[in-house]
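# Inside the fold
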Amino acid sequence: MTLVSALGALLAGCGGDQAPAAAPATAKPASVTAPVKEAQLTTVTLTPEAEKRLAVVTAPVERRTVARTRTLGGEIVTPSGQSLVITAPVAGTLQAPPAVPIAGSEVSRGQMLFRLVPIQPSERDAAVDAQQAAATAAARRDALALKVQRAERLVTDGAGSRRALEEAQAELAVAEADLKAARDRIALATRSGTSQGDVVLESPETGIVQDIHVREGQAVAAGARLLDLVRLAMVWVRVPVYAGEATGIDSSAPAQVLLLGEAADAEGALARPIPAPPSANATTAGVDLYYAMANPNQRFRPGERVAVRLARRETEMGLVVPKAALLHDAYGGTWVYVVREPRVYSRQRVVVSDVSGPLAVLSQGPVEGLRVVTDGAAELFGVEFGSGK
C-alpha cells in the first residue's frame, strides 16, 4: 500500500505542473486598411490629345551652384523725415471741419484739418497786421521816391552829389522790396484765414493721420501739438543680423520682404539697401541692416513683423528645380509632378531649403536627371483630385 500511495502522489504532482491556458489577445485601438505610401501615390496618365491641350512643359532636376540666401525676421519702420507734426500757429479754440479727420484716415495735400479761432482776434488778426505793414511800406516808398526825384534835379543843376543820388536810389529799392513783402503777407493771410481772423489749418502733405492730440472745442496754446501725419508710400525695413554672420551677408544686394506665413518659395516685395543711421543691440549681439521699398495701398504697416530674404556672399552646390514646378496642398506640403514615362506623371513630395531667383533649392526631392512638370502642374493636380478633366 505504501508503494501504491507514493505512485499516486507522484502522478498527482506531475499533473499540477501543466501550463495555464493562454490569455485572449487584446484588440488594437485602430486599424488602417490598405495603407498607401507616398512612393505609391496616384499616377496620372494623359492621352496625347489631353497632354497637347494642357500644353505640358517639363524641366530637368539639376545640380547647380547657386547663390545662398538667409531668411531673417525684420520690422517695418517709418522712414526718417516722413513724419509730420501739425501745431497751432496761435492760441485759440479749435473748430472741426465738416469732415473730421480720425486716426488712420488718409488726408490729401491742402485738405482742411482744423479751423482755429484766435483767443484775441483784434490783436492776432494776421490780415490786419499785414495791411498795416503794407500801408507803412507804401508811405515810406512814396517819400523815398520824392527824395530820389529831388536828388536827380540837384545833380542835373550841378548843386547835388552823385553819391547822395545813389544812396537815395538804394533806399527806394529797399522800400519797394518791403512793400512787396507786405503785400505777399496780405495774400497769405487772406488764403489762410477768414475776415473774422479765423485760421484755417491745412494738410501740408498727403499722408495717414497717425495720432490726434486734441478735440473739437478745445482751447490750445500757440505751438500746441494737434495731430501727427505719416507718409507711407515708402517704408523702411530694419533687419537685425547677428554680428558674427553680418560679414557673410551681401549688404549691397537687394532683399525680398515676405509677409509672415507666406510660402518659402514666394517672390516677396523687392527692397533696396539704404545708408541709414548705424544702430546695433548689445544684448542680442546684433547689428541692423536697413532696406527701403515701395508700399502701394499701405500693404505694410509700421511696427509689422516680416520675413526678409537676404543674399549671402557665398554659393553652394544644390539640387534645383524651377519654382513654377512647385505645388502646395491645403496642409502646407510642397509637391512636384515627376515624369515617369511619356505622358505618365506621379506626384512626389519635396522640401525647399532655399530660393535663388527663379530656382528652388531642394533638400529633399527627386533625383538628379528626372524631369518635373512646370507648365501644367496645377492642371495635373486638379485631374488627380477630381477638380479637372
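About the criteria used
Residues numbered from 1 in each chain as written. Predicted model: local features only at pLDDT ≥ 70, side-chain atom pairs only at ≥ 80, totals over all residues. Heavy atoms only, no water. Helix = DSSP H or I, 4+ residues; strand = E, 2+ residues; numbered from the N terminus. Buried < 20%, exposed > 50% of the residue type's maximum accessible area, 1.4 Å probe, protein only. Contact = heavy atoms within 4.5 Å. Areas by Shrake-Rupley, 256 points an atom, 1.4 Å probe, with all protein chains shown as cover. Core = buried A, V, L, I, M, F, W, Y, C linked by side-chain atoms within 4.5 Å. Pairing = 2+ DSSP bridges. Salt bridge = Lys/Arg side-chain N within 4 Å of Asp/Glu carboxyl O. Polar contact = N/O pair within 3.5 Å; in protein donor to acceptor, adjacent residues only side chain to side chain. Phe/Tyr/Trp six-rings, centres within 6.5 Å; stacked < 30°, edge-to-face > 60°. Lys NZ or Arg CZ within 6 Å of the ring centre and 35° of its normal.

A few words on the overall build of the protein chain. Summing up its helical and strand segments, the protein chain has six helices and 22 strands in all. Here the protein chain, with 389 residues, has 34% of them falling under the buried criterion. Residue pairs at least 24 apart in sequence account for 76% of intrachain contacts in the protein chain once pairs closer than 6 positions are excluded. Here the protein chain has roughly 23,300 Å² of accessible surface; of this, 55% comes from carbon and sulfur atoms.

This next bit is on the nonpolar core. In this structure, Val 237, Val 239, Tyr 291, Met 293 and Leu 310 are the most contacted members of the largest nonpolar core, which totals 21 residues. Elements with a contribution of two residues or more to this core: strand E3 (62–77), strand E12 (234–242), strand E13 (255–259), strand E14 (269–273), strand E16 (286–294) and strand E17 (305–322). Tallying contributions element by element places E12 first for this core, with four residues. Beyond its immediate sequence surroundings of up to four residues, Tyr 291 is in contact with Val 235, Trp 236, Val 237, Val 239, Ser 251, Ala 253, Ala 255, Ala 271, Arg 272, Pro 273, Ile 274 and Leu 310. Of all hydrophobic cores here, the second largest spans 17 residues; its members include Val 107, Val 199, Leu 227 and Leu 229.

Let us look at the sheet that holds strand E11 (residues 225–230). Strands sit in the order E4-E11-E9-E6 across an open sheet of four strands; the sheet is antiparallel. Of all the strands in the sheet, just strand E4 (83–87) and strand E6 (106–107) have a single pairing partner and so form its edges. Of the strand pairs in this sheet, E6 and strand E9 (residues 207–212) are connected by two bridges, and their pairing is antiparallel. The residue of E9 that forms the bridge with Glu 106 is Ile 208.

A few words on the pattern of salt bridges. Within this structure, the stated rule accounts for 18 salt bridges. Lys 147 serves as the salt-bridge partner of Glu 171, at 3.2 Å between the closest nitrogen and oxygen. Taken together, the residues span a long stretch of sequence, with Glu 171 in helix H5 (residues 162–192) and Lys 147 in helix H4 (residues 126–157) at a distance of 24 residues. The salt bridge partner of Arg 312 is Glu 314, with a shortest N-O separation of 2.8 Å. Taken together, the salt bridges that share partners define one network made up of Arg 68, Arg 70, Glu 245, Arg 312, Glu 314 and Glu 316.

Attention shifts here to the side chain of Asp 228. Of note, Asp 228 is situated in strand E11. Among the polar contacts made by the side chain of Asp 228, one reaches the side chain of His 213 at a distance of 3.1 Å. In this view, Asp 228 contacts Leu 84, Val 85, Ile 208, Val 209, Gln 210, Asp 211 and His 213; residues no more than four positions away in its chain are not counted.

Okay, the packing of aromatic side chains next. The relative placement of two aromatic rings is captured by the distance of their centres and the angle of their planes. One pass over the structure, following the stated rule, counts one aromatic pair. An angle of 65° between the planes, with centres 6.1 Å apart, marks the rings of Trp 236 and Tyr 290 as edge-to-face. Taken together, the residues span a long stretch of sequence, with Trp 236 in strand E12 and Tyr 290 in strand E16 at a distance of 54 residues. Lying across the ring of Trp 335, Arg 347 places its NZ or CZ 4.3 Å from the centre.

Considered for burial, the residues of helix H6 (residues 377–384) that qualify are Ala 377, Leu 380, Gly 382 and Glu 384. Check the buried side of H6 and you find it contacts strand E1 (43–45), helix H2 (48–54), strand E18 (327–328), strand E19 (334–341), strand E20 (344–356) and strand E22 (371–373).

Coordinates in, geometry out; function isn't part of it.
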